[in-house]
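Residues per chain are reported as follows:
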Amino acid sequence: MSFSPSSSGRPISSSVQEQRDKWERQRTRTTKELVQSEQEYCQQLQLVTAYFVEILNAKGTLKPNVRESIFSSMKHLHNLNQALLVHLENGYLSRGFDQFCPELHHYSVYVDNFYSAQRVLRTQLKKSKAFRRFKKLQESRAEFRGQSLEELLELPLTRVQQYKILLETLVSNTSSDHPEFQPLSRAVGALSDLSDTIEQNRRHHENLLQLQRVQRLLRGSRTRIISPGRWFLRQGPLKVVPPKGSEAKAQMFFLFSDVLLQTRRSGALSLSHQEHYELRRAFPLKDCVVEKVFGHTRSQGGLVNLSFPKFKLLLMSCDKEDFNDWFNLLTSAVRKLQSKPTEIHHKHLQSGSSSSSSSSSSSSSSSSSSGSAHRKRPALKAPNPHEPDPAGHSAPKRSRPAPAGHSVEDSSSSSCTIL
């Protein structure tokens, strides 16, 4: 019995040629799709440039800075893609993308400005009746085929994703010794970086919308949810198990990357008939220890113990899948928080030691109490209650009692904030 590759009766050269033919057919189909979609894309960019950017510039309906905020680098994108289309229609793929990719900074400008542009556009549509009428008139033209301005403005972001997929297909069906393999591979790398930026911006925008939504749900003007670096993870009801064995009561919890909020339903009515909540406690996760009390088996639900320096919290869920999701998210958030400060704290210590050594050499006559005060509080800068003390101490107490409503970030300097 022979196991040689040619035992099937077909020569090796024939199977290799079949594979090359298959690659070539796929390359031909992908190239055709790339050219046709690029033609349509350039026509759509032309609609925005001709019927909005240039006419608005001539009419003066919008102020120049507002117009720039909405359309950003759209004209540059149109000119850039027109040049790329000429190369693609003539079959010069590698040459076209070799000239296209170094100019991707125009796309980067557009991508970074996109969500800000959407906000400015919505604001102008509310404020300016003339702009609303102009937009509606332009969108009713036959050339737009029912597409709105908002949809057309989003096309550059979608097109970058399409480039990435189409070029990856071309590269995977091109042999490494082909003259276009290296140029197309470089283009895939550049477009992948831009695609990652688009996805990252999208995630940040969606997270901001979630933070704003929770902000609206919570009563109290001093309850600040939006904070740099904070990510919304999930929300849902959990039963709080009291320490003395009384009945466990379900309350609404909001989990973020740095804090867990315990709330209760507000009795006040709202015009939107939407439920609102009052913040009861904010549990900073930095010094939290998460322990699964039960829920290791296939039994229904589970109980998790959250230990803080001066507080313990027992939470229960009767749904196994829901409990596991809460437990995994809590564990992951605590692990990430506790792994970050070590490196940052090191840097603060190094900078602190260097600054203290330089200050001691320059001001040796300073008193120890004055130096201690300066180490605890930067000069002319009010202490920020939203940031944890690197040394682990709580903020100094004031003689005047604090107001009842605190920011969520106030809890970061203590184990638990009761609101």
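On a predicted model such as this, the values are computed, not experimentally measured, just so you know.

Thresholds applied
Residues take numbers from 1 onward in each chain, read along the sequence in its written order. Totals for whole chains, interfaces and linings use every residue, but because this is a predicted model, local features are given only for residues with pLDDT of at least 70 and side-chain atom pairs only at 80 or more, for both listing and counting. With hydrogens and water excluded, all non-hydrogen atoms of the structure serve as input to the side-chain values. Strands here mean DSSP runs of E at least two residues long; helices mean DSSP runs of H or I at least four residues long; both are numbered from the N terminus. To sort residues, take the accessible area from a 1.4 Å probe on protein chains only and compare it with the maximum for the residue type: under 20% means buried, over 50% means exposed, and anything in between is partly exposed. The contact criterion used is simple: two residues touch if any of their non-hydrogen atoms lie within 4.5 Å. Each accessible area is a Shrake-Rupley result for a 1.4 Å probe, and residues are judged covered by the shown protein chains and nothing else. A pair of strands is considered paired only if DSSP assigns at least 2 bridges between the two. In this analysis, rings of Phe, Tyr and Trp, with Trp reduced to its six-membered ring, are considered paired at centre separations within 6.5 Å, and the interplanar angle assigns stacked below 30 degrees, edge-to-face beyond 60, and tilted for intermediate values. Any Lys NZ or Arg CZ found within 6 Å of a ring centre and within 35 degrees of that ring's normal is scored as a charge over the ring. Here the nonpolar core consists of buried residues drawn from Ala, Val, Leu, Ile, Met, Phe, Trp, Tyr and Cys, with membership extended through side-chain atoms lying within 4.5 Å. Salt bridges are defined by distance alone: a side-chain nitrogen of Lys or Arg within 4 Å of a carboxyl oxygen of Asp or Glu. The arc in question is traced by the directions running from the helix axis to the C-beta atoms. For helices, the fitted axis covers only the stretch in contact; all axes are lines through C-alpha atoms, and the angles between them, taken along N-to-C directions, range from 0 to 180 degrees. The scheme is simple: roughly parallel for angles under 35 degrees, roughly antiparallel for over 145, roughly perpendicular for 65 to 115, oblique for anything else. For this classification, Asp, Glu, Lys and Arg are treated as charged, while Ala, Val, Leu, Ile, Met, Phe, Trp, Tyr, Cys and Pro are nonpolar and the rest, including Gly, are polar. For a helix, the expected span equals 1.5 Å multiplied by the residue count minus one. Here a polar contact is recorded for every N or O atom pair within 3.5 Å, except that within protein the pair must consist of a potential hydrogen donor and a potential acceptor, and residues adjacent in sequence are included only if both atoms are side-chain atoms. pLDDT expresses how confident the predictor is about each individual residue, on a scale running from 0 to 100.

J.: Give a description of the overall build of the protein chain that names residues and reports values.
T.: Scanning the protein chain from terminus to terminus reveals 12 helices and eight strands. Burial statistics for the protein chain: of 419 residues in total, 37% are counted as buried. Once local pairs closer than 6 in sequence are excluded, the contacts in the protein chain between residues at least 24 apart make up 64%. Of the roughly 25,600 Å² of accessible surface on the protein chain, 52% is carried by carbon and sulfur atoms.

J.: An account of the pairing of strand β3 (residues 259–265) is requested, with residue identities and associated values reported.
T.: Where a strand is regular, its side chains alternate between the two sheet faces. Extensive coverage of β3 is indicated by the burial of five of its seven residues. In this structure, strand β2 (residues 249–256) lies alongside β3, joined through four bridges in antiparallel fashion. Note that in β3 the partner of F253 across the bridge is Q262. Between β2 and the antiparallel strand that follows it, β3, lie two residues. With seven bridges connecting them, β3 and strand β4 (residues 277–284) associate as antiparallel partners. Bridge pairing in β4 links L261 to A282.

J.: If you had to explain the packing of aromatic side chains to someone new, which residues and values would you point to?
T.: The tally for this structure, following the rule as stated, stands at 15 aromatic pairs. Here the aromatic rings of F100 and Y163 are separated by 5.5 Å at their centres, their planes lie at 65 degrees, and the arrangement is edge-to-face. Taken together, the residues span a long stretch of sequence, with F100 in helix α4 (residues 93–100) and Y163 in helix α8 (residues 155–172) at a distance of 63 residues. The residues F100 and Y163 share a single accessibility class, namely buried. One cation-aromatic arrangement involves R213 over F232; the distance from NZ or CZ to the ring centre is 5.5 Å. The cationic tip of R230 hangs over the ring face of F256; the distance from NZ or CZ to the ring centre is 5.8 Å.

J.: Could you give an account of the nonpolar core, naming the residues involved and the relevant values?
T.: As a rule of thumb, nonpolar side chains are buried together in soluble globular proteins. Among the nonpolar cores identified, the biggest contains 52 residues, and L34, F71, F97, F100, Y107, L153 and L167 are the most heavily contacted of them. No other element matches helix α1 (residues 12–59), which puts 10 residues into this core. Those residues in contact with L153, other than ones at most four positions away along the chain, are V48, I70, F71, M74, Y110, F114, Q118 and L121. Counting residues in hydrophobic clusters, the runner-up holds 21 residues, among them L255, F283, L315 and L337.

J.: Which residues make up the pattern of salt bridges, and what values do they have?
T.: Tallied over the entire structure, the rule returns 14 salt bridges. When the shortest N-O distance is used, the salt bridge between D98 and R186 registers 3.4 Å. Placement of the pair is D98 in helix α4 and R186 in helix α9 (residues 181–217), with a sequence separation of 88 residues. Of the residues examined, R186 reaches a relative accessible area of 48% and is grouped as partly exposed. Note that R202 is salt-bridged to E206, the shortest N-O span being 2.7 Å. Here the residue R202 and the residue E206 both occupy positions in helix α9, the gap between them amounting to four residues, near one helical turn. Here R202 falls in the partly exposed class, since its relative accessible area comes to 29%. Relative accessible area serves as the criterion here: at 40%, E206 is assigned to the partly exposed category.

J.: Please give an account of helix α2 (residues 64–71) that cites residues and values.
T.: For α2, the set of buried residues is V66, R67, I70 and F71. Around the axis of α2, the buried residues are gathered within 115 degrees of arc, so they sit on the same side. Within α2, the exposed residues directed more than 90 degrees away from the buried face are P64 and E68. Remark: S72 follows α2 within two positions and exhibits a positive phi of approximately 50 degrees.

J.: Tell me what's going on with the side chain of T49, and back it up with residues and numbers.
T.: Looking at where T49 falls in the secondary structure, it is placed in helix α1. Taking relative accessible area as the criterion, T49 reaches 4% and is therefore assigned buried. When near neighbours in sequence (up to four residues on either side) are disregarded, T49 contacts E54, M74, K75 and H78.

J.: Which residues make up the packing of helix α5 (residues 105–127) against α9, and what are the values?
T.: The N-to-C vectors of α5 and α9 enclose an angle of 10 degrees; their axes lie 10 Å apart at closest approach. Classed by the angle they form, the pair α5 and α9 counts as roughly parallel. Side by side, α5 and α9 meet where Y107, S108, V111, D112 and Y115 of the first sit next to L194, T197, I198, N201, R202 and H205 of the second. Taken together, the residues of the contact of α5 with α9 break down into five nonpolar, four polar and two charged.

J.: Give me the environment of L255: which residues, what numbers.
T.: Within the element layout of this structure, L255 appears in strand β2. C-alpha separation for the pair L255 and L233, spaced 22 residues apart in sequence, amounts to 5.5 Å. Residues contacting L255, with those up to four places away along its chain left out, are W231, F232, L233, R234, L260, L285, W326, L329 and L330.

J.: Hey, could you go over helix α10 (residues 320–339) for me, with residue numbers and the actual values?
T.: With 20 residues, α10 should cover 28 Å at 1.5 Å per step; its first-to-last C-alpha distance of 28 Å lies within 8% of that length. Taken as a whole, α10 has its buried residues at D322, F323, W326, F327, L330, A333, V334 and L337. Along the axis of α10, the buried residues cluster in a sector spanning 140 degrees; they form a single face. α10 presents E321, R335, K336 and S339 as exposed residues on the side facing more than 90 degrees away from its buried surface. Where α10 begins, the capping side chain belongs to D319, and its oxygen is found 3.2 Å from the backbone nitrogen of E321.

J.: So what about the confidence of the model for the protein chain? Which residues, and what values?
T.: Scored by pLDDT, the protein chain has a mean of 80; 74% of the residues are at 70 or more. When the criterion is pLDDT under 50, residues 410–414 qualifies, and its contacts beyond four places in sequence or with other chains add up to 16 contacts.

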